[in-house]
Amino acid sequence: MPFEFYLLERVFGLINMGVFIFVNIRLLFRNSEVNLYRIIGAINVYLLVAILGAFGFEVIHIVVGDSITGFSEVIEVKELQGLDEDFSTYIYFSLVCLTTVGFGDYTPINIMSKMLSVFLSTTGILYPAVVIAKLVGYGTSK
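Here the structure is a predicted model, which means the values were calculated and not measured.

A.B. asks: Just to check I follow, could you spell out the packing of helix α2 (residues 36-64) against helix α3 (residues 87-98) for this structure?
C.D. replies: Each packed pair of helices is defined by two parameters, the angle between the axes and the distance between the axes. At their nearest, the axes of α2 and α3 sit 8 Å apart, and the two run at 125° to each other. Comparing the axis directions of α2 and α3 gives the class oblique. Considering how the two elements wind past one another, α2 and α3 form a crossing that is right-handed. Taking contact as the criterion, the partners of Y46, L47, V49, A50, G53, A54, F55, F57, E58 and H61 in α2 are, on α3, F87, Y90, I91, F93, S94, L95 and L98. When the residues that make up the contact of α2 with α3 are grouped by side-chain class, the tally is 13 nonpolar, three polar and one charged.

Below is the structure:
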């Protein structure tokens, strides 16, 4: 697959995830009703942010040449090529950042990746707090 097409595909993936997140957030906060679909929608947005982060790390890798690197004393961590085979690693690292677990087996290695990691970690802390507060507020206002 040509490099330009692969990069363009990932940029459109970023745009697509952004639109999905926007639509789901609009649906999440559209009225004061609390139900199972609202909770599933909140989880959906959280997971979409993780996929958005994975696409972001992959685009950074394609454009800059590196985004994250692995380190482990127990197992040998594979070198990332920025291709489809590495997408599971990008999703893993994105979820580790988003959930603020921070295992340390992968680390960001350039300023753009570090900024994306901090954004994901901040979102991972603030988003559940805001959603839970909003849903509890909706539930108690009835």
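A.B. asks: Sorry if this is basic, but what is going on with the nonpolar core here?
C.D. replies: One recurring pattern in soluble globular proteins is that nonpolar side chains are buried together. Judged by nonpolar contacts, the single largest core of 27 residues is most densely connected at F57, I68, Y90, L120 and Y127. When contributions to this core are tallied by element, the ones reaching two or more residues are α1 (3-28), α2, α3 and α4 (111-141). Counting residues per element, this core draws most heavily on α2, which supplies ten residues.

A.B. asks: For this particular structure, what's the right way to read the environment of L116?
C.D. replies: Tracing the chain through its elements places L116 in helix α4. Counting along the chain gives 62 residues from L116 to A54, while the straight-line C-alpha distance between them is 9.8 Å. Those residues within four positions of L116 in sequence are excluded, and the remaining contacts are G53, G56, F57 and I60.

A.B. asks: Looking at this model, I keep getting lost on unusual backbone geometry. Mind explaining?
C.D. replies: Positive phi values are uncommon outside glycine, yet T100 reaches one of about 55°. If you trace the backbone, T100 turns up in the loop between α3 and β2 (106-108).

A.B. asks: Quick question: what am I supposed to make of the packing of aromatic side chains here?
C.D. replies: Both the distance between ring centres and the angle between the ring planes are used here to describe each pair of aromatic rings. Here the structure, examined in full by the defined rule, presents five aromatic pairs. Consider the rings of F57 and F93, whose centres lie 5.1 Å apart with planes at 65°: the pair is edge-to-face. With a gap of 36 residues between them, F57 in helix α2 and F93 in helix α3 connect regions that are remote in the sequence. For F57, a relative accessible area of 0% gives the class buried. Residue class for F93 comes out buried when judged on its relative accessible area of 5%. Between the aromatic rings of Y92 and Y106, the centroid separation amounts to 6.0 Å while the plane-to-plane angle is 75°, which identifies the pairing as edge-to-face. Residue Y92 is located in helix α3, and its partner Y106 is located in strand β2; the two are separated by 14 residues in the primary sequence. When the ring centre of F87 is taken as reference, the NZ or CZ atom of R10 above it lies at 5.6 Å.

Rules used in this analysis
Residues numbered from 1 in each chain as written. Predicted model: local features only at pLDDT ≥ 70, side-chain atom pairs only at ≥ 80, totals over all residues. Heavy atoms only, no water. Axes fitted to C-alpha atoms, helices over the stretch in contact; angles between N-to-C directions. Helix = DSSP H or I, 4+ residues; strand = E, 2+ residues; numbered from the N terminus. Parallel < 35°, antiparallel > 145°, perpendicular 65-115°, else oblique. Left-handed = near helix turned anticlockwise from the far one by under 90°. Contact = heavy atoms within 4.5 Å. Nonpolar A, V, L, I, M, F, W, Y, C, P; charged D, E, K, R; others polar. Core = buried A, V, L, I, M, F, W, Y, C linked by side-chain atoms within 4.5 Å. Buried < 20%, exposed > 50% of the residue type's maximum accessible area, 1.4 Å probe, protein only. Phe/Tyr/Trp six-rings, centres within 6.5 Å; stacked < 30°, edge-to-face > 60°. Lys NZ or Arg CZ within 6 Å of the ring centre and 35° of its normal.

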